[in-house]
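# Architecture and fold: a report
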Amino acid sequence: MFHIRMTFATAGRILRQLSHDPRTIALIFVVPCVLMALFRWLYDGNLAVFNNIAPALLGIFPFVIMFIIASITTLRERTGGTMERLMASPIGKLDLILGYMIAFGLLAVIQALLASTLVLYGLGLEVSGPQWFLIIMALADALLGTALGLLVSAFAKTEFQAVQFMPAFIIPQILIGGLLMPLSQMPEVLEFIAYCLPLTYAIDALNIVVTNVDLTMEAWRDLVVVIGCVILAILLGALTLRRRR
Amino acid sequence: MTQAFGIKGSGVSVSINKTPILNDLSFGVRSGSITGLIGPSGSGKTTLMRSIVGVQKISDGMLTVLDLPAGDKRLSYKIGYVTQNAVVYDDLTVVQNLRYFAVLAQSSREQVDEIITKVQLQKQRDQIVSSLSGGQRARVSLAVALLGYPELLVLDEPTVGLDPVLRQELWQLFSTLASQGKTLLISSHVMDEADRCDELLLLRDGKILWNHSRERLLQTTKTDSVGDAFIRIISMKGKA
């Protein structure tokens, strides 16, 4: 049974907590934009390269930032004792996680809109396919980062450990996800592993929108896989919350 | 014995990581009374409280809370629990904390204001919790537990480090709640707090030394304070 009021109260509570920390909010919104602008500047003499990399980055930056923020916030809740207080209250595990997803999802929407708008209209990324799909994909990636961050926070005991999960879980996905090297040119075993990781699909979809006028079946498959992984991570995350020790 | 038991334990044992913490406890906490859970630190007070509110599994025995087994989901509406360290959100204001927990306790905004007055935090209402003093933080945590006026209040050392005047006032609030029929279990390692309780549960090394009224304890041990009685009882048990 879901308690919708409790879910929204949780989302509101998290946003209120963040509102007392305006610097973090500014970092969430500004950092991806600055990084995209930096890349555009870097490839000023070779816009073809920017056009190849920018779409994937549009998915990766929100993914990474949301992963870090979600894992640290949840870890604080777990180690600070408030999680135990919540678990002793009538709120359900899924109510709580969905509250988290709504709060971070809202931040992700704003972040994705800001970064996509900048890339499309400010930095002149040329996209053959529908622009809305690019934004939806960036958003789905941010949600994926949030859900995975919630999940892995269960396996960290300290904030130091949680921060280490970034290089441990995220960088490998970026390395073999098709950003640095097309999947078809990678060693077979790595290619197989890449297809087991959600970020691969996110990068693939973003590349498709840039090069194809119409959305291919693959683009839709990619979106479904990413959203499927979000749901899976949410459910696994709920399992990691324990009511009793 | 007309009063019913709000909490009843028979043969309750708890081990954490294979270390026995509570050994075969049988006890009762009367409804509508203030029961002091008194014992030195390390005696198992917090573990017993955690078991009662349902966040700690018991390894053996039967523990019934308000006629339901401890840990039953239905109890979450009926128990207010205050941990030793004030557990509230540091990065929210007092009123923001209470409003959030009020939704979870299915209580109202009016009640939030009422409780803020009860714990005397009106002036700190819009202050962020991280800027409060230890005693003020403790009161925010207590206020959260009072939301929804649960039938059972489990308070782990709620008055430690508070100003004596405020401590007096909080104890008055506790007796008012008890006279309204609420059951209060309040732990302390300070013996003079025990003198404010009707009923006592004396705990030492995970075993119960005494579980009756305070009056009877003083009569039995021929002492006039719980502190002396505690020592007398230990020496009596030693001889027996």
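See above for the structure.
Keep in mind the model is a prediction, meaning the values are calculated, not measured.

## Thoughts on the overall build of chain B
- Of the regular secondary structure elements, chain B holds 8 helices and 10 strands.
- What you see for chain B is a C-alpha radius of gyration of 18 Å, in line with the 18 Å of a compact globule of 240 residues.
- In terms of overall dimensions, chain B has C-alpha extents of about 55 × 40 × 35 Å along its principal axes.
- Relative to its 240 residues, chain B shows a buried fraction of 53%.
- Within chain B, contacts between residues separated by at least 24 positions form 68% of all contacts whose residues are at least 6 apart in sequence.
- Accessible surface, chain B: about 10700 Å² in total, of which carbon and sulfur atoms supply 48%.
- Of note, chain B has its 27 positive side-chain charges centred 4 Å away from the centre of its 24 negative side-chain charges.

## Quick look at the packing of aromatic side chains
All names here are of chain A.
- The tally for this structure, following the rule as stated, stands at 12 aromatic pairs over all chains.
- With a centroid separation of 5.3 Å and 75° between ring planes, the pair formed by Phe-165 and Phe-169 is classed as edge-to-face. With Phe-165 and Phe-169 both in helix H7 (residues 159-176) and 4 residues apart, the pair spans about one turn of that helix.
- Take Phe-165: its relative accessible area is 15%, and that puts it in the buried class.
- Every member of this aromatic cluster is reached through a ring pair, and the members are Phe-39, Tyr-43 and Phe-61.

## What about the pairing of strand E9 (residues 199-204) of chain B?
Residues and elements named next belong to chain B.
- For E9, the tally of buried residues reaches 5 of 6 residues, placing the bulk of the element in the interior.
- Where strand E3 (residues 34-38) meets E9, 4 bridges bridge the pair, whose relative direction is parallel. Within E9, the position partnered with Thr-35 by the bridge is Glu-199.
- Alignment of E9 against strand E10 (residues 207-213), held across 6 bridges, turns out to be antiparallel. Paired with Leu-203 across the strands is Ile-208, a residue of E10.
- In this antiparallel pair of consecutive strands, E9 and E10, the connection spans 2 residues, and Asp-205 shows a positive phi of 50°.

## Observations regarding the pattern of salt bridges
All names here are of chain B.
- Within the structure shown, the criterion is met by 14 salt bridges over all chains.
- Note that Arg-125 and Asp-113 form a salt bridge whose closest N and O atoms lie 2.7 Å from each other. Separated by 12 residues along the polypeptide, Arg-125 in the loop between helix H3 (109-118) and helix H4 (134-146) and Asp-113 in helix H3 bring together distant segments of the chain.
- Take Arg-125: its relative accessible area is 24%, and that puts it in the partly exposed class.
- With a relative accessible area of 34%, Asp-113 lands in the partly exposed category.

What counts and what doesn't
Residues numbered from 1 in each chain as written. Chains lettered and ligands numbered in written order. Predicted model: local features only at pLDDT ≥ 70, side-chain atom pairs only at ≥ 80, totals over all residues. Heavy atoms only, no water. Helix = DSSP H or I, 4+ residues; strand = E, 2+ residues; numbered from the N terminus. Rg over C-alpha atoms; globule rule 2.2 N^0.38 Å. Buried < 20%, exposed > 50% of the residue type's maximum accessible area, 1.4 Å probe, protein only. Contact = heavy atoms within 4.5 Å. Areas by Shrake-Rupley, 256 points an atom, 1.4 Å probe, with all protein chains shown as cover. Lys, Arg positive; Asp, Glu negative; His and termini not counted. Charge placed at Lys NZ, Arg CZ, Asp CG, Glu CD. Phe/Tyr/Trp six-rings, centres within 6.5 Å; stacked < 30°, edge-to-face > 60°. Pairing = 2+ DSSP bridges. Salt bridge = Lys/Arg side-chain N within 4 Å of Asp/Glu carboxyl O.

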